[in-house]
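Next come the chains, spelled out residue by residue.
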Amino acid sequence: MDLIEQLPGDWRDAMDLDPLATAALGSFVEGEYTAGTVYPPREDLLNAFRHTTLADARVLILGQDPYHGPGQAHGLSFSVREGVKLPPSLRNIYKELATDLGVAPAASGDLTRWADQGVLLLNAVLTVRASEAGSHAKKGWEEFTDAAIRALNAKSERVVFILWGAYARKKAALVTNPQHFVHESAHPSPLSARTFFGTQPFSKANKALADSGQPEITW
């Protein structure tokens, strides 16, 4: 599996990837898809990059790894396919959105509508074995997605980095350009939702975009 070749053009040109390490990652992922059930489906693997070009990316919402249940993951962090029951974290995201901006919770958990407006819905690890959360951690995906975060950091236009939870918040170290805006908070998981609620990520993201002369996101 040639991951570099599969990346959309502007991401491929901007991400500083080690060819040997990325080839080894591609071989590992290909072997996992061949050996058993892996999520998301192969055709959805790089959906985050396909729906949000580097040129259009204005917001990053970083997840950890994909949902590991059947029919859920489709290559966008926190998002599930149309018709799939909302996972607890996404329900809490919708609750905060309703409190923050008065947006009524959507029935659908498909967040493609955000991705198509420039919200990069990226997981740090892009694949997972069925029913085995974290099973593809430390196999090379972290370096691959760190390269995407660095490409965002290199943009001259403001990017809003939304980092939920301790794992994502470590990535703030990759954001070094002062024109960007970093929002850090607890994770929307039920385990930490009490301190996630009230953090207003959506209104703060829109204000940061508006302050830099960019259109707001229709959340």
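Per an unreviewed UniProt entry, the protein carries the name Uracil-DNA glycosylase and comes from Actinocorallia herbida. Per UniProt, the protein has the following entry under Function (unreviewed entry): "Excises uracil residues from the DNA which can arise as a result of misincorporation of dUMP residues by DNA polymerase or due to deamination of cytosine."

Trainee: Looking at this structure, I do not really get the pattern of salt bridges. What am I missing?
Mentor: Opposite charge on two side chains permits them to pair, given that their charged atoms come into close proximity. Within this structure, the stated rule accounts for 7 salt bridges. The salt bridge partner of Glu30 is Arg42, with a shortest N-O separation of 2.9 Å. Placement of the pair is Glu30 in helix H3 (residues 19-35) and Arg42 in the loop between strand E1 (38-39) and helix H4 (47-51), with a sequence separation of 12 residues. The class for Glu30 is partly exposed, based on a relative accessible area of 26%. Salt-bridge contacts for Arg169 lead to Glu184; the nearest nitrogen and oxygen are separated by 3.0 Å. Taken together, the positions of Arg169 in helix H8 (residues 165-169) and Glu184 in strand E6 (residues 181-185) put the pair 15 residues apart, joining distant regions of the chain. A relative accessible area of 36% means that Arg169 is categorised as partly exposed. Overall, the relative accessible area of 36% leaves Glu184 in the partly exposed class. What you see here is one network of salt bridges that share partners, running through Glu32, Arg129 and Glu132.

Trainee: Looking at this structure, I do not really get the packing of aromatic side chains. What am I missing?
Mentor: Any two aromatic rings considered together are summarised by their centre-to-centre distance and by the angle between their planes. Tallied over the full model, the rule gives 10 aromatic pairs. Among the aromatic residues, those joined into a cluster by ring pairs are Phe78, Trp114, Trp164, Phe196, Phe197, Phe202 and Trp219.

Trainee: Explain the sheet that holds E6 here, please?
Mentor: Two strands in a sheet stick together by hydrogen bonds in their backbones, pointing the same way (parallel) or opposite ways (antiparallel). Taken together, 4 strands build an open sheet; the order of strands is E3-E2-E5-E6 and the sheet is parallel. Edge positions in the sheet fall to strand E3 (119-123) and E6, since each has one partner strand and no second. Averaged over all pairs of adjacent strands, the angle between strand axes in this sheet comes to 15°, irrespective of strand direction. Inspection of the sheet shows strand E2 (residues 59-63) paired to E3 by 5 bridges, in the parallel sense. Bridge assignment links Val59 to a residue of E3, and that residue is Val119. Sitting on the sheet, helix H7 (residues 141-153) touches E2, E3 and strand E5 (160-164), and the angle it makes with E3 is about 155°.

The rules behind the values
- Residues numbered from 1 in each chain as written.
- Predicted model: local features only at pLDDT ≥ 70, side-chain atom pairs only at ≥ 80, totals over all residues.
- Heavy atoms only, no water.
- UniProt positions renumbered as here; feature names shortened; annotations may be inferred.
- Salt bridge = Lys/Arg side-chain N within 4 Å of Asp/Glu carboxyl O.
- Helix = DSSP H or I, 4+ residues; strand = E, 2+ residues; numbered from the N terminus.
- Buried < 20%, exposed > 50% of the residue type's maximum accessible area, 1.4 Å probe, protein only.
- Phe/Tyr/Trp six-rings, centres within 6.5 Å; stacked < 30°, edge-to-face > 60°.
- Pairing = 2+ DSSP bridges.
- Axes fitted to C-alpha atoms, helices over the stretch in contact; angles between N-to-C directions.
- Contact = heavy atoms within 4.5 Å.

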